[in-house]
Amino acid sequence: MSAQVRRLSKVASLIACALLLTACVSAKVASTAVSPTPTATVTPSREKPTVVAIGDSIMNGFGLSAADAWPALLAASNNWALTNLACNGAGFLASGDPDGCDSDFSGLVEETAALHPALILISGSSNDLGDDDDALFVQTDTVVKALRSALPDATIVGISTVWNDTDTPSQIANINQQVRQAMKQVGGLYLDIGQPFVGHRDWLQSDDVHPTAEGQEALATVIGEAIRSANLNLQH
């Protein structure tokens, strides 16, 4: 074979290799181009609405675990971030347990405001029985207006006063009317839940004042239904 022929053969071999390499690279690129790239699906977390409860020993579950109190039961079923500030012995005028809040409800306004709740639940209390109605009205109005001033965007819900299974004292109606009026003044909502313990002595502890765990569940059911009927739209 002549040198010229050998050179032509070598060139042809190089061209063939180059074409083969180009084909392989093109195939790889095509394969890569059509391969789907896996993507992660991220579901955004939903922040729990912040809720504060203000009330007395019935609201804080006296004699039971904190998880048995009706606000805690509602928080669990509604996915709320709850702070229960309810205090033994407290009312709009009555000062609570010195080892607890050591104050009436007005002393809980600042702590409530610091939590920036979307919802405030505040209840009338039988601890205010025997106090002057006029003084009680002024104080109820003052506390609720202070909450509204500190938290202009919060939903404030006033709840009627819970009594036991005996005849309801006449002043309870006055306390409830004061809470209702205070809610009206600040654009809040008033829930009259009646007296769920009438005919249910078995839902009360031996002191005939504080609910058993079953009684707390009954309160959670009644209050929860009232809240749902109100169609509250809580901002998170």
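Anyway, here's the lowdown on the structure attached to this text. (Residues numbered from 1 in each chain as written. Predicted model: local features only at pLDDT ≥ 70, side-chain atom pairs only at ≥ 80, totals over all residues. Heavy atoms only, no water.)

Quick word on the environment of P152
- Structurally, P152 can be placed in the loop between α4 (133-150) and β4 (155-159).
- Overall, P152 belongs to the exposed group, its relative accessible area being 57%. (Helix = DSSP H or I, 4+ residues; strand = E, 2+ residues; numbered from the N terminus. Buried < 20%, exposed > 50% of the residue type's maximum accessible area, 1.4 Å probe, protein only.)

Focus on the packing of aromatic side chains
- Using the criterion set out here, one finds two aromatic pairs in the structure.
- Where F92 meets F105, the ring centres are 4.9 Å apart and the plane angle is 75°; that geometry is what we call edge-to-face. One end of the pair, F92, is in the loop between β2 (81-84) and α3 (109-115); the other, F105, is in the loop between β2 and α3, and 13 residues separate them in sequence. This pair shows no difference in class: F92 is buried, exactly as F105 is.
- Ring centres of F197 and W203 lie 6.5 Å apart, and the angle between their planes is 80°; on these two criteria the pair is classed as edge-to-face.
- The buried category is assigned to F197, whose relative accessible area is 0%. (Phe/Tyr/Trp six-rings, centres within 6.5 Å; stacked < 30°, edge-to-face > 60°.)

Considering α4
- Its 18 residues give α4 an end-to-end C-alpha distance of 26 Å, which sits within 8% of 26 Å, the value for a rise of 1.5 Å per residue.
- Those residues of α4 that sit buried are L136, Q139, T140, D141, V143, V144, L147 and R148.
- On its buried side, α4 packs onto β1 (50-54), α3, β3 (119-123), β4 and α5 (170-186).
- Sitting at the amino-terminal end of α4 is D132, which places a side-chain oxygen 3.1 Å from the backbone nitrogen of D134. (Expected span 1.5 Å × (residues − 1). Contact = heavy atoms within 4.5 Å. Polar contact = N/O pair within 3.5 Å; in protein donor to acceptor, adjacent residues only side chain to side chain.)

Points about helix α6 (residues 213-229)
- With 17 residues, α6 ought to run about 24 Å at 1.5 Å a step, and its terminal C-alpha atoms sit 24 Å apart, in line with that.
- Listed in full, the buried residues belonging to α6 are G215, Q216, A218, L219, A220, I223, G224 and I227.
- The inward-facing, buried residues of α6 abut α2 (70-78), β3, β4 and β5 (189-191).
- A positive backbone phi angle near 55° is found at N231, which sits one or two residues after α6.

With respect to the pattern of salt bridges
- Tallying each qualifying case throughout the model produces two salt bridges.
- One salt bridge in this structure joins K145 and D141, with 3.2 Å as the shortest N-O distance. In this pair, K145 and D141 both sit in helix α4, four residues apart, roughly one turn of the helix.
- For D141, a relative accessible area of 16% translates into the label buried.
- A salt bridge links R201 to D208; the nearest nitrogen and oxygen atoms lie 3.0 Å apart.
- According to the relative accessible area criterion, D208 is buried, its value standing at 18%. (Salt bridge = Lys/Arg side-chain N within 4 Å of Asp/Glu carboxyl O.)

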